[in-house]
Amino acid sequence: MAIGSGPGKGADNPINRLVEKDTVPWYKKPNLRMLYILMFPTCIGIEMTSGFDSSMMNGLQAVPSWDNFFNHPRSTILGLLSSLYSLGSMFSLPFVPLVTDRYGRRAAIIFGSVVMVIGAALQTASQDFAMFVVARFLLGFGIPFAIVAASSMIGELAYPKERARIGSLFNASWFIGAIVAAGVTLGTFAMPNNWAWRIPSILQVTPSALQLIFVWFLPESPRWLVSKGRGEEAYAILAKYHAEGDLDSEFVKLEYAEIETTLELEREQGKGRWRDFVAAPGMRKRLLICSFLGLATQWSGNGLTSYFLARILDNVGIHDDRTKNLINLAMTCWGFVNGTTLALTVPKMRRRSAYLTCTIVLTLIFTGWTIASAEYQKTGSQAASRAVIAFIFLYSPAYNMGYNALTYTYLVELFPYHARAKGIAVFQWWGRAAGFFNQFVNPIGIQNAGWKYYISYCLFLLFEVIFVWFLFPETSRRSLEELAFLFEGEALREEQHKRIKEEVEDSKVTIPDNLSDKGSAVHVEHN
């Protein structure tokens, strides 16, 4: 029997059947509509910070005043300036699950945002190389707290019908920050003083400021509340946002029963401790997949265009700073268009199919990119130079189809609640480690090896195709609770289904006493 099959799978699950019968779109549900509006600045928009940073560092390399202020950083020094963002993340990630699981998703978002505000302020006020480096380390230190908590919050709080799409939009917001940064650096690069790079630096505080303003209006994750024995608050939130305040909703009762029963089973299985990641076979599989995703999202060639586009363009004969910034802005806008479109459509596909298509197409495109770069280096052909630009633009939708649109959606589905924050933190650690390596090594490789350096990416992309084919499970069209025991065997899934059925049939799912009227569903969540 296939992984994840058995009782309660897909359309056989009563929750899924109720969701399918719900034909009212989210924008016609006032409470759910408000929830998604609040999610944008507080959760979905968090990756704007990463997008802004990546595009800003790309753009600053073509800003003469920044280049002069830091004594024309190239090779190792340029790699260090870029990689400190990833290094800061690597140092913070061991602490991220502790804050996220112990103090809540909202608390982790607040903490990470405060750290990033401090980092952006220091970056703007930098008087020397050391101060700029410390600022970038702090920005990197803060971002994982917000990313891990927000991606978990989206999966745990969104209505099941929209969960995959909302989760996919999480990474798409990267392009909003990137477009703003590319536009700002294009507008300031000709300024004759240091404000040409200080203005983009201070604007990096904007996403974190939005999170600190709006997070107070966002409800906490119902699953986190249930795990802390605060079931009444969790039920109130589910009723308010998933049933528009109807405390008698059959859907809410089933959803609450599934969450409560699954968390109870998870505790019995001992999930969530660090040692379980290597002790239990199912968790080892999850650990392997999330570690691979961390590496693949950074070692698929995207690190080249995200941080070192200016140097790549130098290698194909494009040296004008304004032209570089225009290409950077155009590529970022193109990424936003195709990234957002794919985020809204790819979740309808089966996860394995989307990832396989993504990796195969990326391998073909990057191979063409490498061949065109080699041809330019050997002959100076303008056709080869234009071909490299074309491949860079083709690369964007191919990457976004899988690694941008699905990664956080897939991770939230892959891990059960008690291991979710730790699993996403492990993914982030490997991603940041790979990013640190890329950001430090890429400028050296580009400068010393030129097009030959790209061959290493072609080989890793081929490995990605093989890994996805053999090891990626299918997770689409199932609730998070259905997927909680994806690798744990049929017996445990049957026990889960049996307990949920018994709890519902025995009328154990009752409305808490202090939630006897619909107004309470609004009140309790803020207690």
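The structure displayed is predicted, hence computed values, not measured ones.

A.B. asks: Please set out the overall build of the protein chain residue by residue, giving values where relevant.
C.D. replies: Helix and strand counts for the protein chain stand at 27 helices and zero strands. When burial is assessed residue by residue, the protein chain has 61% of its 527 residues classed as buried. Sequence-distant contacts, at least 24 apart, represent 84% of the contacts inside the protein chain between residues at least 6 apart. With the model as given, the accessible surface of the protein chain reaches about 19600 Å², and the carbon-plus-sulfur share is 64%.

A.B. asks: Can you explain the packing of helix α3 (residues 47–60) against helix α10 (residues 174–188)? Please cite residues and give values.
C.D. replies: Packing of α3 against α10 leaves a shortest axis separation of 6 Å and a crossing angle of 30°. When the axes of α3 and α10 are compared, the pair comes out roughly parallel. For the pair α3 and α10, the sense of crossing is right-handed. Residues E47, M48, S50, G51, F52, S54, S55, M56, G59 and L60 of α3 pack against W174, I176, G177, A178, V180, A181, A182 and T185 of α10.

A.B. asks: Give me the lowdown on the packing of aromatic side chains, citing residues and values where you can.
C.D. replies: Scanning the entire structure with this criterion turns up 39 aromatic pairs. Both rings, one in W369 and one in Y454, keep their centres 5.9 Å apart while their planes meet at 55°; by these two values the pair is tilted. A residue pair is termed long-range when its members are at least 10 positions apart, and W369 in helix α21 (residues 351–379) and Y454 in the loop between α24 (417–449) and α25 (455–471) qualify at 85 residues. Assessed through its relative accessible area of 0%, W369 is described here as buried. A cation sits over an aromatic face here: R198 above F69, 5.7 Å from the ring centre.

A.B. asks: Outline the environment of V184, supporting the account with residue identities and numerical values.
C.D. replies: With respect to the helices and strands, the residue V184 is situated in helix α10. Overall, V184 belongs to the buried group, its relative accessible area being 16%. In sequence terms V184 and W197 are 13 residues apart; their C-alpha atoms lie 9.3 Å from each other. Excluding residues within four positions of it along the chain, V184 makes contact with I199, P200 and L203.

A.B. asks: Just give me the short version of the packing of helix α17 (residues 281–296) against α25, but keep the residues and values in it.
C.D. replies: Axis separation between α17 and α25 bottoms out at 12 Å; the angle between their running directions is 155°. Judged by the angle between their axes, α17 and α25 are roughly antiparallel. Helix-helix and strand crossings are classified by hand; for α17 and α25 the assignment is left-handed. Contacts from L288, I289, F292, L295 and A296 of α17 reach α25 at F460, F463, E464, F467, V468 and L471. Looking at side-chain class alone, the contact of α17 with α25 contains 10 nonpolar, no polar and one charged residues.

A.B. asks: Tell me about the side chain of E474, and name the residues and values.
C.D. replies: Following the sequence through the fold, E474 ends up in the loop between α25 and α26 (490–505). Reaching out from E474, the side chain makes a polar contact with the backbone nitrogen of R351 at a distance of 2.9 Å. A polar side-chain atom of E474 sits 2.8 Å from a polar atom in the side chain of S476.

A.B. asks: Requested: an account of helix α1 (residues 14–21), with residues and values cited.
C.D. replies: Regarding α1, the residues found buried are I15, N16 and V19. With its buried residues spanning 95° around the axis, α1 presents them on a single face. In α1, the exposed residues that point more than 90 degrees away from the buried face are E20 and K21. Where α1 is buried, its residues meet α15 (250–269).

A.B. asks: Tell me about unusual backbone geometry, and please be specific about residues and values.
C.D. replies: Backbone geometry places E244, a non-glycine residue, at a positive phi of 55°. Considering the arrangement of structural elements, one finds E244 in the loop between α14 (231–242) and α15. For E244, a relative accessible area of 29% puts it in the partly exposed group.

A.B. asks: Would you mind going over the confidence of the model for the protein chain in detail, with residue names and values included?
C.D. replies: Predicted confidence across the protein chain gives a mean pLDDT of 84, with 90% of residues reaching 70 or more. In this model residues 1–8 is a low-confidence stretch, pLDDT under 50, and it forms 20 contacts with partners more than four residues away in sequence or in other chains. This model gives residues 516–527 a pLDDT under 50, and the stretch forms 27 contacts once residues within four places in sequence are excluded.

A.B. asks: Could you give me a rundown of the side chain of T185, with the residues and numbers involved?
C.D. replies: Note that T185 resides in helix α10. Of the residues examined, T185 reaches a relative accessible area of 0% and is grouped as buried.

A.B. asks: Provide a residue-level description of the nonpolar core, including the pertinent values.
C.D. replies: Core analysis: the largest hydrophobic core is formed by 110 residues, its most contacted members being M39, L293, F366, Y403 and F472. The element best represented in this core is helix α8 (residues 129–157), accounting for 12 residues. Membership of the second largest hydrophobic core comes to 19 residues, among which are M56, V133, A196 and L329.

A.B. asks: Describe in detail α15, supporting the description with residues and values.
C.D. replies: Its 20 residues give α15 an end-to-end C-alpha distance of 29 Å, which sits within 8% of 28 Å, the value for a rise of 1.5 Å per residue. The backbone nitrogen of F251 lies 3.2 Å from a side-chain oxygen of the residue at the head of α15, namely S249.

A.B. asks: If you had to explain the environment of L293 to someone new, which residues and values would you point to?
C.D. replies: Relative to the helices and strands, L293 resides in helix α17. Overall, L293 belongs to the buried group, its relative accessible area being 0%. Between the alpha carbons of L293 and Y410 there is a distance of 9.9 Å; along the sequence they are 117 residues apart. Residues within four places of L293 in sequence aside, it is in contact with Y355, Y403, Y410, L411, F427 and F472.

A.B. asks: Lay out a nonpolar patch on the surface with the relevant residues and their values.
C.D. replies: Side chains of L288, L462, I466, W469, F470 and L471 sit close together on the surface and give an oily, nonpolar patch of about 650 Å² of accessible area. Here the element with the most residues in the nonpolar patch is α25; it accounts for five residues. Structurally, the position occupied by L471 is in helix α25. Since its relative accessible area comes to 38%, L471 is described here as partly exposed.

Definitions and cut-offs
Residues numbered from 1 in each chain as written. Predicted model: local features only at pLDDT ≥ 70, side-chain atom pairs only at ≥ 80, totals over all residues. Heavy atoms only, no water. Helix = DSSP H or I, 4+ residues; strand = E, 2+ residues; numbered from the N terminus. Buried < 20%, exposed > 50% of the residue type's maximum accessible area, 1.4 Å probe, protein only. Contact = heavy atoms within 4.5 Å. Areas by Shrake-Rupley, 256 points an atom, 1.4 Å probe, with all protein chains shown as cover. Axes fitted to C-alpha atoms, helices over the stretch in contact; angles between N-to-C directions. Parallel < 35°, antiparallel > 145°, perpendicular 65-115°, else oblique. Left-handed = near helix turned anticlockwise from the far one by under 90°. Phe/Tyr/Trp six-rings, centres within 6.5 Å; stacked < 30°, edge-to-face > 60°. Lys NZ or Arg CZ within 6 Å of the ring centre and 35° of its normal. Nonpolar A, V, L, I, M, F, W, Y, C, P; charged D, E, K, R; others polar. Polar contact = N/O pair within 3.5 Å; in protein donor to acceptor, adjacent residues only side chain to side chain. Arc of directions from axis to C-beta. pLDDT = per-residue confidence, 0-100. Core = buried A, V, L, I, M, F, W, Y, C linked by side-chain atoms within 4.5 Å. Expected span 1.5 Å × (residues − 1). Patch = residues over 30% accessible without salt bridge, like charges linked within 9 Å, V, L, I, M, F, W, Y side chains within 5 Å. Salt bridge = Lys/Arg side-chain N within 4 Å of Asp/Glu carboxyl O.

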